[in-house]
Amino acid sequence: MLELQNVSFAAEGKEILREVNLKIDDRFVAITGPNGGGKSTLAKIIMGIDTPTAGRILLDGEDITALSITERANKGISYAFQQPVRFKGLRVRDLLALAAGKDADIADACAVLSEVGLCARDYVDRELNDTLSGGELKRIEIAMALARGTKLTVFDEPEAGIDLWSFQNLIHVFETMYEKTRGSILIISHQERILNIADQIIYIRDGRIEKYGPREEVLPGLLHAESAAACKVLTDKLTPGDQPKNQGAKA
């Protein structure tokens, strides 16, 4: 179980996270909220990319607040970036081997790459450079997380760049990963289809957790608020001349 106790984070004089308290031990947990609300910062705090200015982070009861990214990875935390990193000189096969902690033969690579809709023989010896599209890199990164199979995997907007690969396949990958690890999968996303598979939803705005609970309790309120906000924006854009006229009125 991952626990955040009164975690705050500030940078360049701006408070980005404010006294965040969370306990994460469910199968699928989704983090959502407006842009700039602190979602990605929260994920980076969990992975150790950013260090909290206050508070503690516990993994299975152990304080990991001061641990490095590598140390947290060794403890069983994985992180998939919103924009995957390109590693020139490193092949897909090498990346999967590093993730799995063993040499990856064609059969191993085929099994995990096929889960993300890629043919192993076309990709296993490809270099992780500019010849790969953003969508291909995204799938390879998801395959790496699947190969690693840790107790906690954090995905920052995993649906980005995979428009040609169905959401259903992405959801299947999450389910496969859970069956393999029985760990928690933390997903940052705005997509309703992703939120619909979550066991718990965290809604963060202005650096604070405003809602956190079961999907069936949190999601309907978020969708209603989103719909109301969209209607308000449309109404505000109408000029007096755009207002509907009473067609039945006579001069």
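These notes cover the structure that comes with them. Quantities reported herein were computed from a predicted structural model and do not represent experimental measurements.

Let us now look at the overall build of the chain. A tally of regular secondary structure across the chain gives 9 helices and 12 strands. Taken across its 251 residues, the chain has 43% of its residues classed as buried. For the chain, restricting intrachain contacts to residue pairs at least 6 apart in sequence, the fraction spanning at least 24 positions comes to 65%. Summed over all atoms, the accessible surface of the chain reaches about 13,200 Å², with 49% contributed by carbon and sulfur.

Bringing the pairing of strand S2 (residues 14-24) into the picture now. Pairing of strand S1 (residues 2-11) with S2, which is carried by 7 bridges, proceeds in the antiparallel orientation. Each bridged residue has a counterpart across the sheet, and for Glu-3 the counterpart in S2 is Lys-23.

It is worth spelling out the pattern of salt bridges at this point. Taken as a whole, this structure holds 10 salt bridges when the rule is applied. The shortest N-O distance in the salt bridge between Asp-63 and Arg-56 comes to 3.5 Å. On the basis of relative accessibility, which here comes to 37%, the residue Asp-63 falls in the partly exposed class. Between Arg-93 and Asp-125 there is a salt bridge, with the nearest N and O atoms lying 3.3 Å from each other. On the criterion of sequence distance, the pair formed by Arg-93 in helix H3 (residues 92-100) and Asp-125 in the loop between helix H5 (120-123) and strand S8 (127-128) is long-range, its members being 32 residues apart.

Picture the strands of a sheet paired through backbone hydrogen bonds; they go either parallel or antiparallel. With respect to topology, 6 strands assemble into an open sheet ordered S6-S9-S10-S3-S11-S12, the strand pairing being mixed. Either end of the sheet is taken by a strand with one partner, and the two such strands are strand S6 (77-80) and strand S12 (208-214). For this sheet, the mean inter-axis angle between neighbouring strands, taken without regard to orientation, is 15°. For S6 and strand S9 (residues 152-156), the ladder comprises 4 bridges, and the chain directions are parallel. If you follow Ile-77 over to S9, its bridge partner there is Leu-152. Along the sheet, helix H1 (residues 39-47) makes contact with strand S3 (28-32), S6, S9, strand S10 (184-188) and strand S11 (200-205), crossing S6 at roughly 145°.

This paragraph deals with the packing of H3 against helix H6 (residues 134-148). Where H3 meets H6, the axes come as close as 7 Å, and the angle between the chain directions of the two elements is 30°. For the element pair H3 / H6, the angle class is roughly parallel. Crossing of H3 against H6: the hand is right-handed. Contacts between H3 and H6 pair Val-92, Leu-95, Leu-96, Ala-99 and Ala-100 from the former with Ile-140, Ala-143, Met-144, Ala-147 and Arg-148 from the latter.

On to the nonpolar core. Core analysis: the biggest nonpolar cluster contains 34 residues, and Leu-96, Leu-113, Ile-140, Phe-155, Phe-174 and Ile-185 have the highest contact counts within it. Among the elements that take part in this core, H6 stands out by supplying 7 residues, more than any other. The residues contacting Ile-185, other than those within four sequence positions of it, are Asp-26, Arg-27, Phe-28, Val-29, Thr-153, Phe-155, Phe-174, Met-177 and Tyr-178.

Over its 15 residues, H6 extends 21 Å from the first C-alpha to the last, a length consistent with the 21 Å expected when each residue adds 1.5 Å. In terms of burial, H6 is a largely internal element, 12 of the 15 residues being buried. Restricting attention to buried positions, one finds in H6 the residues Gly-135, Glu-136, Leu-137, Lys-138, Arg-139, Ile-140, Glu-141, Ile-142, Ala-143, Ala-145, Leu-146 and Ala-147. Backbone geometry just after H6 places Gly-149 at a positive phi near 60°.

Two aromatic rings are characterised by how far apart their centres lie and by the angle between their planes. Considering all chains together, one arrives at 3 aromatic pairs under this definition. Taking 6.4 Å as the distance between ring centres and 55° as the angle between the ring planes, the aromatic pair formed by Phe-28 and Phe-174 counts as tilted. Of the two residues, Phe-28 is situated in strand S3 and Phe-174 in helix H7 (residues 167-181); the sequence distance between them amounts to 146 residues. The exposure class assigned to Phe-28 is buried, which follows from its relative accessible area of 1%. Measuring from centroid to centroid gives 5.2 Å for Phe-155 and Phe-174, while their planes differ by 55°, and the two rings are tilted. Taken together, the residues span a long stretch of sequence, with Phe-155 in strand S9 and Phe-174 in helix H7 at a distance of 19 residues. On the basis of relative accessibility, which here comes to 1%, the residue Phe-155 falls in the buried class. Taken together, the ring pairs in this structure connect Phe-28, Phe-155, Phe-174 and Tyr-178 into an aromatic cluster. It is Arg-27 that lies over the ring of Tyr-178; its NZ or CZ is 5.8 Å from the centre.

This part takes up the sheet that holds strand S5 (residues 62-63). Spatial ordering of the open sheet is given by S2-S1-S4-S5, a layout of 4 strands whose pairing is antiparallel. Only two strands of the sheet have a single partner each, and these edge strands are S2 and S5. One ladder, built from 5 bridges, connects S1 with strand S4 (residues 54-59); its direction is antiparallel. Bridge pairing in S4 links Leu-2 to Leu-59.

Definitions and limits used
Sequence positions are assigned chain by chain, starting from 1 and proceeding in written order. Two thresholds apply to this predicted model, a pLDDT of at least 70 for residue-level local features and 80 or more for giving and counting side-chain atom pairs, whereas whole-chain, interface and lining totals are computed over all residues. Each side-chain value is worked out from all heavy atoms of the structure, with water and hydrogens disregarded. Helix numbers and strand numbers start at the N terminus; a helix is a DSSP run of H or I with at least 4 residues, a strand a run of E with at least 2. Using a 1.4 Å probe on the protein chains alone, a residue whose accessible area is under 20% of its type maximum counts as buried, one over 50% counts as exposed, and one in between counts as partly exposed. Note on contacts: a residue pair is in contact if any heavy atoms of the two residues lie within 4.5 Å. Where accessible areas are quoted, they stem from the Shrake-Rupley method and a 1.4 Å probe; at the residue level, only the protein chains shown are allowed to cover. Each pair of strands is called paired provided DSSP finds at least two bridges between the two strands. Any carboxyl oxygen of Asp or Glu within 4 Å of a side-chain nitrogen of Lys or Arg constitutes a salt bridge here. Geometry is summarised by axes, namely lines fitted to C-alpha atoms with helices restricted to the contacting stretch, and by angles between N-to-C directions that run from 0 to 180 degrees. Reported orientations rely on four angle classes, namely roughly parallel under 35 degrees, roughly antiparallel over 145, roughly perpendicular from 65 to 115, and oblique for the rest. Each helix crossing is assigned a hand: it is left-handed if the near helix lies turned anticlockwise from the far helix by less than a right angle, otherwise right-handed if that turn is clockwise. We define a nonpolar core as any set of buried Ala, Val, Leu, Ile, Met, Phe, Trp, Tyr and Cys residues linked to one another through side-chain atoms lying within 4.5 Å. One fewer than the residue count of a helix, multiplied by 1.5 Å, yields its expected span. Under the pairing criterion, centres of Phe, Tyr and Trp rings, with the six-membered ring standing for Trp, must be within 6.5 Å; the plane angle then separates stacked pairs below 30 degrees from edge-to-face pairs above 60, leaving the rest tilted. Here, a charge over a ring is recorded when the distance from Lys NZ or Arg CZ to the ring centre is within 6 Å and its angle to the ring normal is within 35 degrees.

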